[in-house]
Amino acid sequence: MELLNTVLETKTKDIIPYYNRIDDANLSSILSQGTMIECNGVLKSPLCFAGEILNSKGFSNNDIKIGLITLLGLNSVHLGNPLAVEITGENESYASKLLKYCLDMTPERYVKQFQAMSVEDLYSVGNGLKNKVIVTFDSKGLKQVSQKLNDLFSNGIIVEQVRYKSKYEVGLQEIKIEGPISCVFLTKEPKNSCITVPSAVHLTVESDQSSVDSELAFALGQDINESLLKMMCARVRFIFGRMNSRLVDIPYASQIAKILKGNVQNADGKAEMIKAMLANIARLNNPPKLSEAEVVARFLGLDKDEIAKLVQNAGSEPNQKLLEYKGGSSSNNREVLTSTKFDYYIFKVLMDGFLTTWDENLPLRRQRVFNAIKDLNLSAYKDESFLTEKDGNNNILSGLHSHGGERYWPNKMLIQNRIDSDGGETIPPSTLNMELNALIKDNYIESKKDTNTKRHLYAVSTFDIDSIIALPDPSEILDPIYNGKPIKVVNPITGCVETV
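What counts as what
- Residues numbered from 1 in each chain as written.
- Predicted model: local features only at pLDDT ≥ 70, side-chain atom pairs only at ≥ 80, totals over all residues.
- Heavy atoms only, no water.
- Helix = DSSP H or I, 4+ residues; strand = E, 2+ residues; numbered from the N terminus.
- Buried < 20%, exposed > 50% of the residue type's maximum accessible area, 1.4 Å probe, protein only.
- Contact = heavy atoms within 4.5 Å.
- Areas by Shrake-Rupley, 256 points an atom, 1.4 Å probe, with all protein chains shown as cover.
- Expected span 1.5 Å × (residues − 1).
- Bend = angle between axes of the 7 residues up to and from the residue.
- Lys, Arg positive; Asp, Glu negative; His and termini not counted.
- Salt bridge = Lys/Arg side-chain N within 4 Å of Asp/Glu carboxyl O.
- Pairing = 2+ DSSP bridges.
- Axes fitted to C-alpha atoms, helices over the stretch in contact; angles between N-to-C directions.
- Polar contact = N/O pair within 3.5 Å; in protein donor to acceptor, adjacent residues only side chain to side chain.

*Asks:* So what's going on with the overall build of the protein? Which residues, and what values?
*Replies:* Helix and strand counts for the protein stand at 19 helices and 15 strands. Counting all 500 residues of the protein, 46% fall into the buried class. Long-range contacts, defined here as pairs at least 24 residues apart, represent 76% of the contacts in the protein between residues at least 6 apart. In the structure as shown, the protein presents an accessible area of about 26100 Å², 49% of it carried by carbon and sulfur atoms.

*Asks:* Can you tell me about unusual backbone geometry, naming the residues and giving the values?
*Replies:* Geometrically, the link from Gly179 to Pro180 is a cis peptide bond, its omega value of 5 degrees lying close to zero. The topology assignment puts Pro180 in the loop between β7 (170-178) and β8 (181-187). Positive phi, close to 60 degrees, is recorded for Asn131, a residue that is not glycine. Not every positive phi belongs to a glycine, and Lys454 is a case in point at roughly 65 degrees. Mapped onto the secondary structure, Lys454 falls in the loop between β12 (445-449) and β13 (456-460). Accessibility expressed as a relative area gives 56% for Lys454, which makes it exposed.

*Asks:* Give a description of helix α4 (residues 61-79) that names residues and reports values.
*Replies:* Across its 19 residues, α4 extends 25 Å between first and last C-alpha, which sits within 8% of the 27 Å expected from 1.5 Å per residue. The axis of α4 is deflected most strongly, by about 30 degrees, at Gly73. For α4, the buried fraction is high: 16 of the 19 residues fall into the buried class. Two residues or fewer past α4, Gly80 is found with a positive phi of approximately 130 degrees.

*Asks:* Hey, could you go over the side chain of Asp450 for me, with residue numbers and the actual values?
*Replies:* Topologically, Asp450 is positioned in the loop between β12 and β13. Within the buried core, Asp450 has no salt-bridge partner, and the shortest N-O distance to an opposite charge, that of Arg455, equals 7.8 Å. Once residues within four sequence positions are removed from consideration, Asp450 is found in contact with Arg455 and Leu457.

*Asks:* Residues and numbers for the pairing of β13, please.
*Replies:* Side-chain positions along a regular strand alternate between the two faces of the sheet. Burial within β13 is extensive, with four of its five residues counted as buried. From the end of β12 to the start of β13, which pair antiparallel, there are six residues, and Lys454 there has a positive phi angle of about 65 degrees.

*Asks:* Mind laying out the sheet that holds strand β3 (residues 84-89), listing which residues take part and the relevant values?
*Replies:* Spatially, the five strands line up as an open sheet ordered β4-β5-β8-β3-β9, and their pairing is parallel. Edge positions in the sheet fall to β4 (111-113) and β9 (201-205), since each of these pairs with one other strand and no more. Taking the axes of each pair of neighbouring strands and ignoring which way they run, one obtains an average angle of 15 degrees across the sheet. Strands β3, β4, β5 (132-136), β8 and β9 of the sheet are contacted by helix α5 (residues 92-104), whose axis makes an angle of about 155 degrees with β8. Helix α7 (residues 146-155) contacts β3 and β8 of the sheet and is inclined by roughly 140 degrees relative to β8.

*Asks:* Explain the side chain of Ser339 residue by residue, including any values.
*Replies:* Residue position: Ser339 is located in the loop between β11 (337-338) and α15 (341-351). Side chain to side chain, Ser339 and Tyr252 meet in a polar contact 2.6 Å long. Look past the residues within four positions of Ser339 in its chain and what remains in contact with it is Val248, Asp249, Ile250, Pro251, Tyr252, Leu278, Ala282 and Asp479.

Rendered as structure tokens:
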């Protein structure tokens, strides 16, 4: 056998299979199917692929919405606008499964997961939290550091003077913890809520009967190919993994700002959250172009810009270059994206019904107490007044809180009876006292003593606690890309094609 002394020339086509069939124009469709694609005029967001995964695992449409919001929260600090998401799970196991599947679709390098954390633990982590999402399956374990994590999320940095003591001296040492961070917390009980920043998204996985039925049907009847599911999760991780932060212009911001004016509690916080969601969705829907340079770099496990510079600077012959350097990602990061009504459509599908004019972080049990008082106020007031359809909530509130209006205010016993008759979980008297005090503290209700019986009486201070903010229809959104023209889109929850 004759040995060849000639060194074989290595070309790009030897590194990338079927190189002669691939060019920059179609690399994205071949290797990263799942970035925003337009097929026969239909726009499809990468979130559609995540929705398919959650649907295959038997989650209800409402919980798929929560899952996709959670997925955006898990990847938000890397996308550029960090989000704080808190999920209250009535059924601990069901909510945990939803969070677990979302983590399966998130690059591990973004995540810092904790079961518990003390102040000392937080100080010892140092800058290890920078550009990470803090995740816990039980926020009770983070209670000790909840305020510091909220400060880190809001300000991007914590600087504190901490007392130390050694064998020879006592003094102060500066501790600095840098962000940014994002947060996704699972809360088993509302009392263990840890996220208090005004822009936080608070969600509840209720696991109602339809959810239970759906999960059982999946467990008993469906036979999902786990290898296929693993590949689908890997594809979504890949999509998020190659995203970067870019400036985003939201030309229709004033249209949304108008709906937040008026009787909307925490309007600034809601506006900040909406802006963050829209910007991250726009980035996700407009991924960087997948080029030959990136494919080679990923194959070799190197940074695509660095390997391009090194190869070019090596002075190799033109036909020996692996790739041609055409500028780094920094220029790409300076490109300003324009958020369109397609991005807004995805936002509305996810958040519609979750944005309320009052504080959406009101636990379900507290909502039941509030609703019992409101119903008793209204029924008593209507019995003695001549209300018409033109009488608004403001007129009724004025009547309730005018001189003599306390005759429409129920006492604690009447409230307890109304709650016991609503078919929900029993609320003990001691718990009712706690919920009433919490509602008073947050100005949802008022209380005064009856001059005759000396019992405490109660009335609501607002009727808007459960009023949903009416987001504009996507067809009303104007942007310079589509200019009001109708577009066809895939609903990431249902998978159906819609025209907006």
